[in-house]
Structures are given as C-alpha cells and as structure tokens.
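Residue-level structure breakdown
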Amino acid sequence: MAVTLRLAQQADADALLSRSPLALMIGMLLDQQVPMELAFTGPYTVAQRMGVAELDAGTIANQDPEEFAALFAAKPAVHRYPGSMAGRVQQLCRFLVERYGGRAEAVWRDAPSGAELLRRLNELPGFGPQKSQIFLALLGKQLGVRPAGWREAAGAYGEDGSHRSVADITDAETLLQVRSYKQQMKQAAKAKKKAGS
C-alpha cells in the first residue's frame, strides 16, 4: 500500500496502518466505544508490546489468551475493554489464518464485486454490517480497492465528499469534520428517543 493513512494521527502508528493490511483491519475492529485515534493507534501499541515491527495473524492467533489480554490491559490500555477486545483480535486472526492463509489483504485482493467484498467483510469476526460498510468505503476511498459496485455496497459511507466515518479521515481537519458529524448523529438519535418516550 503506497498510501499514507492518517487515521491514528500519530506518525509511527499511521505508518504501520499504511503498510500493514492486518494492522488496518485490527484498527477497524478496535474502533468501537473509544476515540478513533486510540483505536487505530492500537495495532502499533500491540506490535510494540509484542516486540515486533510487523503484526502477523498466525503469531497473534497462537498467543496465550491470558498473556495477550494482559498485553492489552497494560497501562495505557489498548482499549476501554482490553480483555474482550484482545479475544476478538485473536478470533479475527484465527479466522484469517484458517480462511485466508493469514493474509488480511486476501479478503479484498480478488473480490469481483463490491457486493462480494461486503459479504466477505461481514464474515469477519467482530465486523457487523455497519463496520463492514465503513471498512469497504475506507478501502475504496483511500486504498484504491474498487471492485465494481463498491460505492453502492458501502452505502452512505461510500458517497463521494461525505464526512461520515473513518473512511473520510485524511488529516486533522477531516477528523474534526467526521467527529462533528458523529456528534450530530448522536444528538439527533437522543432527540428522537426523547420524543418517542
């Protein structure tokens, strides 16, 4: 991947995301209930604590679960829920080893259509429909992974010029725009809930 991503807003972490499809996929998995930058810094923190320059799905899959959870929980914690997220990362890596020979990029490398790519992403442990669409949009918008119909498969996240998700973050300014959009959505959801109660 020759693109430089800016999702973690931290040079070393972003460099790892930019060169490692597995790191990017793990960052996407971690992107829930924590700030986006923390989620996408997570893979770099994990690599540092494992004492490796590159993450390897087979190595992670074979880690002792308690030791791997402890690595996540060490201060500062990799995630707000270190134990459960460490387990999810290992589950994802086991799936990649079993289904794709441990290669995260094999999930999208030969996808013939956006719909097929979305189906493959939906199969990944920890990837629900929304996360899969956002990741598909990220692959299309920033990494040039554009099988036929990818924008349609990504739904609203695939729209050109939108600032809905991590797929649209390319610098500090767009990070703020995405964060603002998410806050607006939360406020609208709260208002709707209040109106219905």
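To start, this report covers the structure provided alongside it. (Residues numbered from 1 in each chain as written. Predicted model: local features only at pLDDT ≥ 70, side-chain atom pairs only at ≥ 80, totals over all residues. Heavy atoms only, no water.)

Looking at the side chain of Ser165
Examined against the element boundaries, Ser165 turns out to sit in the loop between helix 10 (150–154) and helix 11 (172–196). Classification of Ser165 as buried rests on a relative accessible area of 1%. Once residues within four sequence positions are removed from consideration, Ser165 is found in contact with Ile134, Tyr157 and Val178. (Helix = DSSP H or I, 4+ residues; strand = E, 2+ residues; numbered from the N terminus. Buried < 20%, exposed > 50% of the residue type's maximum accessible area, 1.4 Å probe, protein only. Contact = heavy atoms within 4.5 Å.)

Thoughts on the layout of surface pockets
Space inside the largest pocket adds up to approximately 620 Å³. Around the largest pocket, the lining comprises 20 residues; the ones closest to its centre are Asp31, Met36, Gln130, Lys182 and Lys186. Only helix 9 (129–143) and helix 11 provide two or more residues apiece to the lining of the largest pocket. Considering every element that reaches the lining of the largest pocket, the biggest residue donor is helix 11, with 6 residues. The residue makeup of the lining of the largest pocket, split by class, is 9 nonpolar, 5 polar and 6 charged. (1 Å grid on protein atoms, 1.4 Å probe; cavity = no way out; pocket = protein on both sides within 12 Å on 5 of 7 lines; lining within 4 Å. Points joined across faces, edges and corners; volume = space filled by probe spheres on them. Nonpolar A, V, L, I, M, F, W, Y, C, P; charged D, E, K, R; others polar.)

Let's talk about unusual backbone geometry
For residues other than glycine, phi is negative in most cases, and the peptide bonds are mostly trans. The omega angle of the peptide bond from Lys75 to Pro76 is -10°, so this bond is cis rather than trans. A positive phi is found at Gln9, a non-glycine position, where the angle reads about 60°. Take Gln9: it is sitting in the segment before helix 1 (11–19). The backbone phi angle of Gln33 is positive, close to 60°, even though this residue is not glycine.

Focus: the packing of aromatic side chains
Centre distance and the angle of the planes are the two values used to describe a pair of aromatic rings. Following the criterion strictly, the structure yields 4 aromatic pairs and no others. Seen from their ring centres, Phe68 and Phe72 are 5.2 Å apart, and the 55° between their planes marks the pair as tilted. Highlighted residues: Phe68 and Phe72, both in helix 5 (residues 65–73), separated by 4 residues, approximately one helical turn. The pair formed by Phe68 and Phe72 is uniform in burial state, with each residue classed as buried. (Phe/Tyr/Trp six-rings, centres within 6.5 Å; stacked < 30°, edge-to-face > 60°.)

Considering the packing of helix 2 (residues 21–30) against helix 3 (residues 36–50)
Where helix 2 contacts helix 3, the two axes come as close as 8 Å, and the packing angle between them is 135°. Overall, the two elements helix 2 and helix 3 adopt an arrangement that is oblique. Considering the relative orientation of helix 2 and helix 3, their crossing is right-handed. Of the residues in helix 3, those touching helix 2 at Ala23, Leu24, Ile26, Gly27, Met28 and Leu30 are Ala39, Phe40, Gly42 and Pro43. For the contact of helix 2 with helix 3, the class distribution of residues is 8 nonpolar, 2 polar and no charged. (Axes fitted to C-alpha atoms, helices over the stretch in contact; angles between N-to-C directions. Parallel < 35°, antiparallel > 145°, perpendicular 65-115°, else oblique. Left-handed = near helix turned anticlockwise from the far one by under 90°.)

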